[in-house]
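Per-entry structural report
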Amino acid sequence: MRILFMGTPEFAAVSLQALLRTGYDLVGVVTQPDRPQGRGLELQASEVKKVALEQHLPLWQPEKVNTTEFITLFRQLNPDVVVVVAFGQKIPMPILYEPKFGCINVHGSLLPRYRGAAPIQWTLINGDTTAGVTTMYMDEGWDTGDLIYQATTAVDPDENFACLYQRLAKLGGELLVKTLADVEHGVAPRLAQNSAEATTAPKLKPELHRINWNEPAVRIHNLVRALAPTPGAETFWGTERLKVIKTSLYDCIPANADVPGKILQVIKRQGILVATGTQPLLLVQVQPAGKKLMAATDYANGRHLVPGMIFGTRA
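Reference entry: report on the structure contained in this document. (Residues numbered from 1 in each chain as written. Predicted model: local features only at pLDDT ≥ 70, side-chain atom pairs only at ≥ 80, totals over all residues. Heavy atoms only, no water.)

Broken down by element type, the protein chain carries eight helices and 15 strands. Projected onto its principal axes, the C-alpha positions of the protein chain cover 70 × 45 × 30 Å. The 315 residues of the protein chain split such that 49% are buried. On the protein chain, roughly 15,200 Å² of surface is accessible, and the fraction owed to carbon and sulfur atoms is 52%. Side chains of the protein chain give 31 positive and 29 negative charges; the mean places of these two sets differ by 7 Å. (Helix = DSSP H or I, 4+ residues; strand = E, 2+ residues; numbered from the N terminus. Buried < 20%, exposed > 50% of the residue type's maximum accessible area, 1.4 Å probe, protein only. Areas by Shrake-Rupley, 256 points an atom, 1.4 Å probe, with all protein chains shown as cover. Lys, Arg positive; Asp, Glu negative; His and termini not counted. Charge placed at Lys NZ, Arg CZ, Asp CG, Glu CD.)

Here you go:
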């Protein structure tokens, strides 16, 4: 089976590596153009591009796949199936429907839940105890195609984005291999999604990164998990932007009616205990703007934080 692979980040690179281990005939790889990243805004290759170069696979990086030039190239490649994993562009109809086996996608949620660009983040923000991946036949919609297979995994209440992302990427690669084998042999199921059960997972806008200390502790804890280690949930200490990378729900003190964001206690070797809209929340790891990750207690000592001071306001 001739496969054209389209993907961009690490989540997709893991699926590409899984295909390479099976010995499938990969006619080529399509990924996003190099993008400027970091402080120096130097052009960075995608994780999928790195794998393609290491394996000496034919590689294309079109700004848009919905062009006459790229569609002509696609038809010359004549793949039996197109695999799309977190590619980042809308797939045009010729790519969706002209291959013998269509266009198959790996998505980081249990569809129809969390259709969209940030399914793993929203899984964590909403405090779900179960996550998973789905393979599906793509159609013109966003994550609306017929389901093939799903695989689930439990989510630890303290698990962060980086950990869950890696686990789901591996699960997605394994499920993709199974899916392609069954599609090729004509035994793969095809189940229409129930749109009445659909939820969306849009990309998180920067304003959603800001901690609202008036919210319940568990909601803040889940936001921190969803954004860790990067880009990080953020608050302010005076004028200093502070990323909160790790927190812990603190049950040793009952729900309080203190000022949200107020420092209640700096606990040696544990962290900074902060009031929220419900119970206190323990800040365990933080990262000041332009600085390295550090223990919250080290930050408190360096800034001379004491009970009664308040996070979240600019001095």
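There's more to say after this.
This part is about helix α7 (residues 217–226). α7 sits mainly inside the fold: eight of its 10 residues count as buried. Among all positions of α7, only A217, I220, H221, N222, L223, V224, R225 and A226 are buried. Buried residues along α7 sit in contact with α5 (119–125), α6 (161–184), β10 (233–237), β11 (240–249) and β14 (281–288). (Contact = heavy atoms within 4.5 Å.)

On to the pattern of salt bridges. Inspection of the entire model under this criterion finds 14 salt bridges. Here D25 and R2 are joined by a salt bridge, their closest N and O atoms 3.9 Å apart. In this pair, D25 is assigned in strand β2 (residues 25–30) and R2 in strand β1 (residues 2–7), connecting sequence segments 23 residues apart. Looking at R2, the relative accessible area reads 32%, which means it is partly exposed. Taking the shortest distance from any N to any O, the salt bridge between K49 and D34 comes out at 3.1 Å. Of this pair, K49 sits in helix α2 (residues 47–54) while D34 sits in the loop between β2 and β3 (35–37), and the two are 15 residues apart along the sequence. Its relative accessible area of 12% is what places K49 among the buried residues. Residue classification places D34 among the partly exposed residues on the basis of a relative accessible area of 25%. (Salt bridge = Lys/Arg side-chain N within 4 Å of Asp/Glu carboxyl O.)

In this structure, strand β12 (residues 263–267) lies alongside strand β13 (residues 271–274), joined through four bridges in antiparallel fashion. Across the sheet, residue I267 finds its bridge partner in β13, namely G271. Counting the residues between successive antiparallel strands, the hairpin from β12 to β13 contains three residues, one of them, R269, with a positive phi of roughly 65°. Joining the antiparallel neighbours β13 and β14 is a turn of six residues. (Pairing = 2+ DSSP bridges.)

This brings us to the packing of helix α1 (residues 10–22) against α2. Two numbers describe how α1 lies on α2: the axes approach to 7 Å, and their chain directions differ by 25°. The orientation of α1 with respect to α2, classified from their angle, is roughly parallel. Along its contact with α1, which presents E10, A12, A13, L16, Q17 and L20, the element α2 presents E47, V48, V51 and A52. For the contact of α1 with α2, the residue count by class is seven nonpolar, one polar and two charged. (Axes fitted to C-alpha atoms, helices over the stretch in contact; angles between N-to-C directions. Parallel < 35°, antiparallel > 145°, perpendicular 65-115°, else oblique. Nonpolar A, V, L, I, M, F, W, Y, C, P; charged D, E, K, R; others polar.)

Of all hydrophobic cores here, the largest spans 71 residues; its most connected members are I3, F5, F11, L180, I272, L283 and F311. Examining the composition of this core, we find that 10 residues originate from one element, α6, more than from any other. The residues touching F11, leaving out its near neighbours within four places in the chain, are V85, V106, G108, I120, V133, Y165, L168 and A169. (Core = buried A, V, L, I, M, F, W, Y, C linked by side-chain atoms within 4.5 Å.)

At a closest axis distance of 8 Å, the pairing of α1 and α6 adopts a crossing angle of 40°. Between α1 and α6, the crossing angle belongs to the class labelled oblique. Every pair of crossing elements has a handedness; the one defined by α1 and α6 is right-handed. Within the contact between the two elements, α1 uses E10, F11, V14, S15, A18, L19 and T22 and α6 uses Y165, Q166, L168, A169, K170, G172, G173, L176, V177 and L180. Across the contact of α1 with α6, the residue classes break down as 10 nonpolar, five polar and two charged. (Left-handed = near helix turned anticlockwise from the far one by under 90°.)

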